[in-house]
Amino acid sequence: MAKKDKTRLHTSKNPLSENIRGSMVQLLQKHLGTAVDLTYQTKQAHWNVKGMNFIAVHKLFDELHEVTEAYVDDIAERLTGLGGQAHGTVQAATENSVLAPYPLDLVKSEDHLKRLADSYAHWSDEVQKGIEEASEAGDALTEDLLTEVGRGLDKSLYFLESHFQG
Ligand SMILES: [Fe+2]
């Protein structure tokens, strides 16, 4: 898939070399798929959660959804700006996401909070690796984008974990 992505690069006056742009498109494709996946993991939790703290977590999950949806657009448009072709459909996301499938039978708020925390933590870890990869490639702007995403993911992780810490 990576090689196919590189051959599909559009010509661009972007100052980065085609080789670097191809590597970054490949990197961003994985994060785009993950962002799409997480966008609907948060909605799955928003729709199905039940418990005494229902309204608080129902609203929190929707806020997290909106934040992740913004990542989808930011990542996709960095990818296309580098000359890539965004694989932004839900079906493509299932192939590219780094996340494990979200269970469809979760109900209790604690279960959703802990499962979403797992997803955020895992993606955050992948984003850290991506930041290093972008830095080593010399793409400071992709590095900056992933840094921003990572900072947001860790903030969301804190919101989730605060329900069951202490
Ligand atoms: Fe809703």
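Residues numbered from 1 in each chain as written. Predicted model: local features only at pLDDT ≥ 70, side-chain atom pairs only at ≥ 80, totals over all residues. Heavy atoms only, no water.

Quick notes on a nonpolar patch on the surface
Here is step 1 of the chain: A grouping of Tyr40, Trp47 and Val90 is seen on the molecular surface, where their side chains present a nonpolar patch of about 360 Å² in accessible area.
Here is step 2 of the chain: Within the element layout of this structure, Tyr40 appears in helix 2 (residues 18–48). (Patch = residues over 30% accessible without salt bridge, like charges linked within 9 Å, V, L, I, M, F, W, Y side chains within 5 Å. Areas by Shrake-Rupley, 256 points an atom, 1.4 Å probe, with all protein chains shown as cover. Salt bridge = Lys/Arg side-chain N within 4 Å of Asp/Glu carboxyl O. Helix = DSSP H or I, 4+ residues; strand = E, 2+ residues; numbered from the N terminus.)

Quick notes on the UniProt feature "domain: Ferritin/DPS" (unreviewed entry) in the protein chain
Here is step 1 of the chain: Here the UniProt feature "domain: Ferritin/DPS" (unreviewed entry) sits at residues 26–165.
Here is step 2 of the chain: The span residues 26–165 is 78% helical and 0% strand by assignment, and the distance between its end C-alpha atoms comes to 36 Å. (UniProt positions renumbered as here; feature names shortened; annotations may be inferred.)

Some remarks on the side chain of Gln44
Here is step 1 of the chain: Note that Gln44 resides in helix 2.
Here is step 2 of the chain: Those residues in contact with Gln44 that sit more than four places away from it in its chain are Tyr102, Pro103, Leu104 and His112. (Contact = heavy atoms within 4.5 Å.)

Digging into the environment of Ile20
Here is step 1 of the chain: Tracing the sequence through the fold places Ile20 in helix 2.
Here is step 2 of the chain: Using a relative accessible area of 21% as the deciding quantity, one classes Ile20 as partly exposed.
Here is step 3 of the chain: Remark: the alpha-carbon pair of Ile20 and Ala137, spanning 117 residues in sequence, is separated by 6.4 Å.
Here is step 4 of the chain: With residues up to four places along the chain from it excluded, the contact list for Ile20 reads Ala137 and Asp139. (Buried < 20%, exposed > 50% of the residue type's maximum accessible area, 1.4 Å probe, protein only.)

Description of the pattern of salt bridges
Here is step 1 of the chain: Considering all chains together, one arrives at 6 salt bridges under this definition.
Here is step 2 of the chain: Note that Lys30 and Glu126 form a salt bridge whose closest N and O atoms lie 3.3 Å from each other. With Lys30 in helix 2 and Glu126 in helix 5 (residues 109–137), this pair connects stretches of sequence that are 96 residues apart.
Here is step 3 of the chain: Exposure remark for Lys30: the relative accessible area of 27% places this residue in the partly exposed category.
Here is step 4 of the chain: Its relative accessible area of 13% is what places Glu126 among the buried residues.
Here is step 5 of the chain: In this structure, Arg78 and Asp139 form a salt bridge, with 2.9 Å as the shortest nitrogen-oxygen distance. Of this pair, Arg78 sits in helix 3 (residues 54–81) while Asp139 sits in the loop between helix 5 and helix 6 (140–161); the two residues are 61 residues apart in sequence, bridging distant segments of the chain.
Here is step 6 of the chain: Since its relative accessible area comes to 1%, Asp139 is described here as buried.

What to know about helix 5
Here is step 1 of the chain: With 29 residues, helix 5 extends 41 Å from end C-alpha to end C-alpha; this agrees with the ideal 42 Å at 1.5 Å per step.
Here is step 2 of the chain: Immediately beyond the C-terminal end of helix 5, within one or two residues, lies Gly138, with a positive phi of roughly 85°. (Expected span 1.5 Å × (residues − 1).)

Here's the deal with the layout of surface pockets
Here is step 1 of the chain: The space that makes up the largest pocket amounts to roughly 260 Å³.
Here is step 2 of the chain: As for the largest pocket, its lining consists of 15 residues, of which Asp37, Tyr40, Gln41, Val90 and Thr94 are closest to the centre.
Here is step 3 of the chain: Of all elements in the fold, only helix 2 and helix 4 (90–96) reach the threshold of two or more residues within the lining of the largest pocket.
Here is step 4 of the chain: A per-element tally of the lining of the largest pocket places helix 2 first, with 6 residues.
Here is step 5 of the chain: Residues belonging to the lining of the largest pocket are distributed by class as follows: 10 nonpolar, 4 polar and 1 charged. (1 Å grid on protein atoms, 1.4 Å probe; cavity = no way out; pocket = protein on both sides within 12 Å on 5 of 7 lines; lining within 4 Å. Points joined across faces, edges and corners; volume = space filled by probe spheres on them. Nonpolar A, V, L, I, M, F, W, Y, C, P; charged D, E, K, R; others polar.)

Here's the deal with the nonpolar core
Here is step 1 of the chain: If you look at the biggest cluster of nonpolar residues, it comprises 41 residues, and the most contacted ones within it are Phe61, Ile75, Trp123 and Leu160.
Here is step 2 of the chain: Only helix 2, helix 3, helix 5 and helix 6 provide two or more residues apiece to this core.
Here is step 3 of the chain: Those residues in contact with Phe61 that sit more than four places away from it in its chain are Thr42, Ala45, His46, Val49, His112, Leu113, Leu116 and Leu160. (Core = buried A, V, L, I, M, F, W, Y, C linked by side-chain atoms within 4.5 Å.)

Brief notes about helix 6
Here is step 1 of the chain: The end-to-end C-alpha distance of helix 6 is 31 Å, a good match for the 32 Å that 22 residues give at a rise of 1.5 Å each.
Here is step 2 of the chain: Among the residues of helix 6, Thr142, Leu145, Leu146, Val149, Gly150, Gly152, Leu153, Ser156, Leu157 and Leu160 are the ones counted as buried.
Here is step 3 of the chain: Capping of helix 6 at its N-terminal end is provided by Asp139; its side-chain oxygen lies 3.2 Å from the backbone amide nitrogen of Leu141. (Polar contact = N/O pair within 3.5 Å; in protein donor to acceptor, adjacent residues only side chain to side chain.)

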